[in-house]
Amino acid sequence: VATTIPFSMRVAVLVMESLGLSGNLMSLGAIDFGLIVDGAVIVVENAFRRLSEEQHALGRPLSARQRLAIVETATVQVRRATVFGDIIIAVVYLPIVSLVGVEGKLFRPMALTVLFALGGAFIASLTLIPVLASYFVKPGEHRDTWALRIAHRAYSAILPRALRRPGIVVGIAALCLVGTGALATRIGAEFVPQLDEGDLAIEARRLPGISLTESVNTALRLEREVLEIPEVLQVASRTGAPAVANDPMGLEASDVLVTLKPHEQWRKGLTKDDLAREISEKLEASVPEINVGISQPIQMRTNELVAGVRSDLAAIVYGHDLDQMRAIADQIADALRKVPGAADVRVEQVAGLRYLNIIPDRQKLARHGLTIEDVNVVTETLAVGHKAGVVYEGERQFDLVVKSGHDFDGDIEALSRLPLRSMTGKLVPLGEVAKLEFVQGPAQVQREGQSRRLMVELNVRDRDLMSVVEDAQAAVAKLSIPPGFRIEWGGNFKHYDEAKGRLAVVIPIALA
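Remember, predicted model here, so these are calculated numbers, not experimental data. (Residues numbered from 1 in each chain as written. Predicted model: local features only at pLDDT ≥ 70, side-chain atom pairs only at ≥ 80, totals over all residues. Heavy atoms only, no water.)

(A) Region of the structure containing the overall build of the protein chain. Secondary structure assignment for the protein chain yields 19 helices and 15 strands. Its C-alpha atoms give the protein chain a radius of gyration of 36 Å, more than 25% over the compact-globule value 24 Å for 512 residues. Referenced to the eigenvectors of the C-alpha coordinate spread, the extents of the protein chain come out at roughly 130 × 65 × 45 Å. A sequence separation of at least 24 residues applies to 74% of the contacts in the protein chain between residues at least 6 apart. When the accessible surface of the protein chain is summed, it comes to about 30100 Å², and 59% of that surface belongs to carbon and sulfur atoms. The distance from the centre of the 56 positive side-chain charges to the centre of the 61 negative ones in the protein chain is 7 Å. (Helix = DSSP H or I, 4+ residues; strand = E, 2+ residues; numbered from the N terminus. Rg over C-alpha atoms; globule rule 2.2 N^0.38 Å. Contact = heavy atoms within 4.5 Å. Areas by Shrake-Rupley, 256 points an atom, 1.4 Å probe, with all protein chains shown as cover. Lys, Arg positive; Asp, Glu negative; His and termini not counted. Charge placed at Lys NZ, Arg CZ, Asp CG, Glu CD.)

Written out as structure tokens, the structure is:
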């Protein structure tokens, strides 16, 4: 029976190699050897029973020719049962094979590998296993263990009573079926089951435009606060993008990996959700300038790859006016915080930078013989520097750039005195022909589908994802959204909806 495992795995690997499938955790991790050896167990048990009965009837050892004939008969006798059993197991995996898109890429390798291994096990149960049984199975008297003897006595007592009252038995079974069907309508749903990865990941977001030094300092403060929790072993953070920008992030974003101690060393009764909630509350009180979301390393990365957002769920606001979008996003966040199971609700940071507005007065410019281009030279000098000439060093040349030393510290008077040279050669202060003011504006503007975009993200704790999605959508639907703005939902639950539509067709076919 045990030889079925390497034989079926060899068949599976050969087929995977021919189809270009890789061996990984998803494709190989779900193989159940109990399913694979099922057919071989039936063949060997029947061969043992038939050999023992025949030897007992003859009263002497069997010859090699007799053993071959008996094993062949025993195998053919149970062939229908083995085929039927393997088909039932294979049909169970057909709905998974029907998946396409992201969910297909995630789960189809597992189902295909199991089917390949089952095919190898089926071939082995009708070829290799009977041959090995004819050589190595020794006939003998069958003896049940004490556990089986107790089970047989109980079964022998219950079976006649059940057969005498078929209506009661069928009625109880029907009630159980109806009851479980009713319960099935109340259970939640997930696209990918939440697995305990052993560690936590914190997504830390600050105001855009923050300096690298300040970003590192706030990350250090965050790490020290998290390290004060007894269950935390160590904390490491990564700020910004690496040299190879496979994960582009600004200096305002950090990924913080929290390595936890073994669960035996935790406080009694503390769960991982409780720990995440405690970290979130602690950081909100001690490092309020950082917006945090707590997840798990692989889960956060999977959410980002599958759904485009790092959190479990996101409400995405589309529109044209950032101020109104921010107001709508704040309303959505307030509504989502009241949804049971919603955690780490946060609005994407877009504001926070100070801008210098220079508004030219065209009439005054014309009066002094100046143009908009003259004002642009000054603004270019303030912002990035104005090219004033070229410096040559041998065969190399460099632009000579004039830059302003002003650091935008709020001194409007100094900026107003910047000189503009008119056509007559007269120097005119910038403040004479333009209005200067400092204003607060967006640090970044995200766009998608030809519209500005603002995201409200949240994670799910203590509930299933789909229940939170339904409650969140119902809560947001009650809000009054101005014309010209719309709300869409992002997250891996969208793939669940797509898969559910296909499975609603495939599963009844498989059951039939």
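What follows picks up the thread again.
(B) Seen up close, helix α5 (residues 64-97). Roughly 45° is the biggest bend found in α5, and it falls at Val78. Looking only at α5, the buried set comprises Arg67, Ile70, Val71, Ala74, Thr75, Val78, Thr82, Gly85, Asp86, Ile89, Tyr93 and Pro95. (Bend = angle between axes of the 7 residues up to and from the residue. Buried < 20%, exposed > 50% of the residue type's maximum accessible area, 1.4 Å probe, protein only.)

(C) The arrangement of the environment of Pro442 in detail. Locating Pro442 in the fold gives a position in strand β12 (residues 434-442). Given the relative accessible area of 29%, Pro442 is considered partly exposed. For Pro442 and Asp323, which are 119 residues apart along the polypeptide, the C-alpha to C-alpha distance reads 9.3 Å.

(D) Broad picture of unusual backbone geometry. Phi is positive for Gln450, close to 65°, though the residue is something other than glycine. In this structure, Gln450 sits in the loop between β13 (446-448) and β14 (451-460). By relative accessible area, Gln450 is classed as exposed at 78%. One non-glycine residue, Asp462, lies in the positive phi region at around 65°. Position of Asp462 relative to the elements: it lies in the loop between β14 and α18 (465-477).

(E) Spotlight on the packing of α5 against helix α19 (residues 493-511). At their nearest, the axes of α5 and α19 sit 9 Å apart, and the two run at 170° to each other. In terms of orientation, α5 lies roughly antiparallel with respect to α19. Where α5 approaches α19, its residues Val91, Leu94 and Pro95 are matched on the opposing element by Leu503, Val506, Ile507 and Ala510. The class makeup of the residues in the contact of α5 with α19 is 7 nonpolar, no polar and no charged. (Axes fitted to C-alpha atoms, helices over the stretch in contact; angles between N-to-C directions. Parallel < 35°, antiparallel > 145°, perpendicular 65-115°, else oblique. Nonpolar A, V, L, I, M, F, W, Y, C, P; charged D, E, K, R; others polar.)

(F) Structural detail: the packing of aromatic side chains. Under the criterion given, the structure shown has 1 aromatic pair. Their ring planes at 50° and their centres at 6.3 Å tell us that Tyr135 and Phe136 sit as a pair that is tilted. Given the relative accessible area of 61%, Phe136 is considered exposed. Across the ring face of Tyr318, the terminal group of Arg486 is positioned such that the distance to the ring centre comes to 4.3 Å. (Phe/Tyr/Trp six-rings, centres within 6.5 Å; stacked < 30°, edge-to-face > 60°. Lys NZ or Arg CZ within 6 Å of the ring centre and 35° of its normal.)

(G) Representation of helix α1 (residues 4-19) within the structure. Its 16 residues place the ends of α1 23 Å apart at the C-alpha level, agreeing with the 22 Å of an ideal helix rising 1.5 Å per residue. When α1 is considered as a whole, its buried residues turn out to be Thr4, Ser8, Ala12 and Met16. Projected down its long axis, α1 shows its buried positions confined to an angular sector of 90°, all on one face. In α1, the exposed positions angled more than 90 degrees off the buried face are occupied by Pro6, Arg10, Leu14, Glu17 and Ser18. Backbone geometry just after α1 places Gly20 at a positive phi near 80°. (Expected span 1.5 Å × (residues − 1). Arc of directions from axis to C-beta.)

(H) Representation of the nonpolar core. Of all hydrophobic cores here, the largest spans 32 residues; its most connected members are Ile332, Leu336, Val456, Leu458 and Trp489. When residues of this core are traced back to their parent elements, those giving at least two are β5 (313-319), α13 (322-337), β6 (342-347), β14, α18 and α19. Take this core: its biggest share by element is 8 residues, from α13. The next biggest cluster of nonpolar side chains, apart from the first, holds 21 residues, and it includes Ala204, Leu275, Leu283 and Val292. (Core = buried A, V, L, I, M, F, W, Y, C linked by side-chain atoms within 4.5 Å.)

(I) How the structure looks around the pattern of salt bridges. In the structure shown here, the tally under the stated rule is 21 salt bridges. With its nearest N and O atoms 2.9 Å apart, the salt bridge here joins Arg205 to Glu203. The class for Glu203 is buried, based on a relative accessible area of 3%. Three or more residues are tied together by salt bridges with common partners; here these are Glu203, Arg205, Arg346 and Glu457. (Salt bridge = Lys/Arg side-chain N within 4 Å of Asp/Glu carboxyl O.)

(J) How the structure looks around the sheet that holds strand β2 (residues 232-239). Overall, antiparallel pairing links the 4 strands, which are arranged β2-β3-β1-β4 in an open sheet. In the strand order of this sheet, the two ends are held by β2 and β4 (291-295), each with one partner. Each neighbouring strand pair of the sheet contributes to a mean axis angle of 20°, computed without reference to strand direction. As judged from the 7 bridges shared by β2 and strand β3 (residues 253-260), these two strands associate in the antiparallel manner. Along β3, the bridge assignment pairs Ala236 with Leu257. Against the sheet, helix α10 (residues 212-227) contacts β1 (200-205), β2, β3 and β4, and its axis sits at roughly 165° relative to β2. Docked against the sheet, helix α11 (residues 272-286) engages β1, β3 and β4, running at close to 25° with respect to β1. (Pairing = 2+ DSSP bridges.)

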